[in-house]
Structures are given as structure tokens and as C-alpha cells.
Amino acid sequence: MDKTLAWLWLADAVGSGCQYAQELLTLYPDPAELYDALRAGTEAPPACLTPHALAQLRDTTPFDYEERLDHCLLSGIDVLTPDEGVYPDRLRDLPDLPLALYVTGDIACLNGRRYAGMVGTRRPSTYGRQAAFDLSLAMARAGVVLVSGLADGLARAEVIVVSGLADGLDSEAHRAAVQADVPTVAFLGTAIDKTYPASNAKLRTAIEKGGGAVCSEYPPGYSGRTTGTFLARNRLIAAQSEALCVAEARTRSGTLNTVGHAERYGKPVFAVPGSIYSPNSAGTNSL
């Protein structure tokens, strides 16, 4: 059995943002072992599994996912699992880590770099757009450092801008990185083969061709629940980032949900101040 099939089988059953994913992997580091145990019926199933997840695990097999895996391979979609070295190290220790991460673009940019998150409202002011773009551009361009020693010269230590490819300030952050010719990482709240909004299709292509990556917990053709998928992906933006910058946000927004995850992970959060009269800056000013 291809090991990836067992990961897809388990990931589909527990769903995205599973709060007990790490606990489950502590018990069964190899999901194929869980499959064998459930099929043999010689061990009690893990207590952390919900009845719904357990029922799906018993009703399906890893071999049911062969068609999906083949489709990903033919479509240029990488499937990353926690037992692989290419899996993002910054996500690996999350209690609710993705058990399968679908990626288009260059997976090499997901490890070994410096990462800064840039998020904000989907309906920004001109000020917010400019701030997000300029700060992201500056961070991307800051990835050139002087190396002294036996081999003097310039070396590139890229700062990867991380965001969500959404309308508004997410898009500005990615555009700035593309303009600086530096890879950028986008986490989707949709299926990996769906760009939302569709108007960002050209930007996505530029990200992928520029050495960046687009990531999702949701497989191609995903038709499951969509409620909460964008909130679930926010934790991945926060986790992948060493620091999070909020360019413009209202007091009640998905942006502040991302901030909550960053604070939970102990990441520094920076906020761009705005007018005291602008609702769009009320969230950032409160930060």
C-alpha cells in the first residue's frame, strides 16, 4: 500500500482543523497501522476519535483514495504528509496539524526560509492597500544580506510573505512579493484546484511560476462543508509565519481570528495604525 493513501484516508475522516490530530498521531504515527488495527478489531479504537470519524474510517479503506492520488500526480498537485521531510516544519507540531496538505507551485519554499505573515480586510481603503503593499515589498526586498568571511559578497536570505490569496490586503501582499521576484506562500480555504476569488487566477499563476506555493487542506474537487474552512486555514497562516502583520482590519473580522491563532502560538503581532475615524482601522488600532 502507498503510505500516502493511508494519510488521505485518515485526513478525510477527521476533517480539517482536527483538534486531536496530534494526539491521534502520538498513538498511531503511521495511519496504516490504525487501518490494520480497525480491520482486525483486536484493539479498542482511539478514544479521541469522534463517532463520525470512526464510522467513516470503518466504512472506507485507503485504497478508495487511489483515484484522488493519481489525479493529484497527473495534475501537478503535491500531497505532503507529516512523515515526509518536505512537510512544512512550522506546521508539524500543531495540535491540529493538517494530516494531508495539497500544494501547487514549489514545495521547496515551505521550509528553510524566514516567514512573515501579512493579513487584513478584504475591503480595504486606499491607505490600507498601500500600507500592505509597501510593507510586504519592503520585507521581500529585505532578504538580501551581506556575508563576510572567506567568501565576501551578497547572499539571498529570502523573507517569504505568507497570506491567504483572498480579496483585498492578502492580494496586495502576494503582489508585492511577486514584484520583488521573491517566493510567497498562500493558504486557501477552498479546494486546492479552486482559486477564490476567481479574479486572482493570474496572481496565483504568478506565485506558482515565481517559486512560491499555494497550499490547502482541501483536495481537488472538494465538495464537503464550507462553513469554517477559511477560519480553519487562518491557523496555518499564523503557524507558518514567524511574525504577523495586520495592515488594516475591523474589530470583528477573520483577520482578528488569524491574530488569535498567532497569539496562541506565541508569535509577535504587528499592527499598522490608522485613522481613529475609520472603521477599517478599528481592529488594528485596538491591537
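Residues numbered from 1 in each chain as written. Predicted model: local features only at pLDDT ≥ 70, side-chain atom pairs only at ≥ 80, totals over all residues. Heavy atoms only, no water.

Examining the overall build of the protein
Spelled out, the test is: Secondary structure elements are taken from DSSP: a helix is a run of H or I of four residues or more, a strand is a run of E of two residues or more, and numbering for both begins at the N terminus. For every residue, the accessible area (1.4 Å probe, protein chains only) is compared with the maximum for its type, and the residue is labelled buried under 20%, exposed over 50%, or partly exposed between those bounds. We call two residues in contact when some of their heavy atoms are within 4.5 Å. Areas reported as accessible are Shrake-Rupley estimates using a 1.4 Å probe. Residue values count occlusion only from the protein chains shown. For this count, His and the chain ends are skipped, Lys and Arg are scored as positive, and Asp and Glu as negative. Just so you know, the charge point we use is NZ for Lys, CZ for Arg, CG for Asp and CD for Glu.
The secondary structure content of the protein amounts to 12 helices and 10 strands. The principal-axis extents of the C-alpha atoms in the protein amount to approximately 60 × 50 × 35 Å. Here the protein, with 287 residues, has 53% of them falling under the buried criterion. A fraction of 72% describes how many contacts in the protein between residues 6 or more apart in sequence connect residues 24 or more apart. As displayed, the protein has an accessible area near 13200 Å², and 53% of this comes from carbon and sulfur atoms. The averaged location of the 32 negative side-chain charges in the protein is 9 Å from the averaged location of its 25 positive side-chain charges.

Points about the environment of Leu-231
Mapped onto the fold, Leu-231 is located in helix H10 (residues 229–240). Residues Leu-231 and Glu-248, spaced 17 residues apart in sequence, show a C-alpha to C-alpha distance of 18 Å. Setting aside residues no more than four positions away along its own chain, Leu-231 makes contact with Gly-254, Asn-257 and His-261.

Digging into the confidence of the model for the protein
For clarity, the threshold we go by: pLDDT is a per-residue confidence score from the predictor, ranging from 0 to 100.
Overall, the predicted model of the protein reaches an average pLDDT of 93, with 95% of residues at or above 70. Within the model, pLDDT remains below 50 along residues 144–155, and this stretch shows 13 contacts once partners closer than five positions in the same chain are excluded.

A closer look at the nonpolar core
Formally: Throughout, nonpolar core names a set of buried Ala, Val, Leu, Ile, Met, Phe, Trp, Tyr and Cys residues whose side chains join them through atoms within 4.5 Å.
Formed by 65 residues in total, the largest nonpolar core has its most connected members in Leu-10, Val-14 and Leu-99. When residues in this core are grouped by element, the largest group, 8 residues, is from helix H1 (residues 3–14). Setting aside residues up to four positions removed in sequence, Val-14 forms contacts with Tyr-20, Leu-24, Leu-49, Ala-53 and Leu-99. Ala-131, Cys-245, Ala-247 and Val-272 belong to the second largest nonpolar core, which has 10 residues in total.

Examining the side chain of Asn-280
How we decide: By the criterion applied in these results, polar contacts are pairs of N or O atoms within 3.5 Å in which, for protein atoms, one can donate a hydrogen and the other can accept it, and in which residues neighboring in sequence qualify only through two side-chain atoms.
Looking at the element boundaries, Asn-280 is found in the loop between strand S10 (269–271) and helix H12 (282–286). On the basis of relative accessible area, Asn-280 is assigned to the buried category, the value being 9%. In terms of polar contacts, Asn-280 uses its side chain to reach the backbone carbonyl oxygen of Arg-123, at 3.0 Å. Setting aside anything within four residues of it in sequence, one finds Asn-280 in contact with Thr-121, Arg-123, Pro-124, Ser-125, Glu-248, Ala-249 and Arg-250.

Topic: the sheet that holds S10
For the record, the criterion: When DSSP finds two or more bridges between two strands, those strands count as paired. Only the stretch in contact is used when fitting a helix axis, every axis being a line fitted to C-alpha atoms; angles between N-to-C directions are given from 0 to 180 degrees.
With mixed pairing, the 8 strands of this open sheet are ordered in space as S1-S2-S8-S7-S6-S3-S9-S10. Here the strands that pair on one side only, and so sit at the sheet edges, are strand S1 (78–80) and S10. Pairwise comparison of adjacent strand axes, ignoring direction, gives a mean angle of 25 degrees for this sheet. When strand S6 (residues 159–163) meets strand S7 (residues 184–187), the two strands line up parallel, connected through 3 bridges. Note that in S7 the partner of Ser-163 across the bridge is Ala-186. Packed on one face of the sheet, H10 meets strand S3 (114–119), S6, S7 and strand S9 (243–246) and runs near 155 degrees to S7.

A word on the packing of aromatic side chains
How we decide: Ring geometry is summarised as follows: Phe, Tyr and Trp rings, the Trp one being its six-membered ring, pair when their centres sit within 6.5 Å, and such pairs are stacked at plane angles under 30 degrees, edge-to-face over 60 and tilted between the two.
Enumeration according to the criterion identifies 3 aromatic pairs in this entry. Centre to centre, the rings of Trp-9 and Tyr-35 are 5.5 Å apart; their planes meet at 80 degrees, and the pair counts as edge-to-face. Separated by 26 residues along the polypeptide, Trp-9 in helix H1 and Tyr-35 in helix H3 (residues 31–40) bring together distant segments of the chain. With respect to class, Trp-9 is no different from Tyr-35; both count as buried.

Some words on helix H7 (residues 126–141)
Convention followed: A helix's residues, less one, multiplied by 1.5 Å, set its expected span.
Between the first and last C-alpha of H7 there are 22 Å, a value that for 16 residues agrees with the 22 Å anticipated at 1.5 Å per step. For H7, the set of buried residues is Gly-128, Ala-131, Ala-132, Phe-133, Ser-136, Leu-137 and Ala-140.

Brief notes about the pattern of salt bridges
Heads up, the rule is: One side-chain nitrogen of Lys or Arg within 4 Å of one carboxyl oxygen of Asp or Glu is enough to make a salt bridge.
Under the definition given, this model contains 12 salt bridges. A salt bridge links Glu-242 to Arg-90, with the nearest nitrogen and oxygen atoms 3.6 Å apart. In this pair, Glu-242 is assigned in the loop between H10 and S9 and Arg-90 in helix H6 (residues 89–92), connecting sequence segments 152 residues apart. Close ionic contact of Glu-172 with Arg-129 constitutes a salt bridge, the shortest N to O distance being 2.9 Å. Note that Glu-172 is positioned in helix H8 (residues 169–179) and Arg-129 in helix H7, a separation of 43 residues in sequence.

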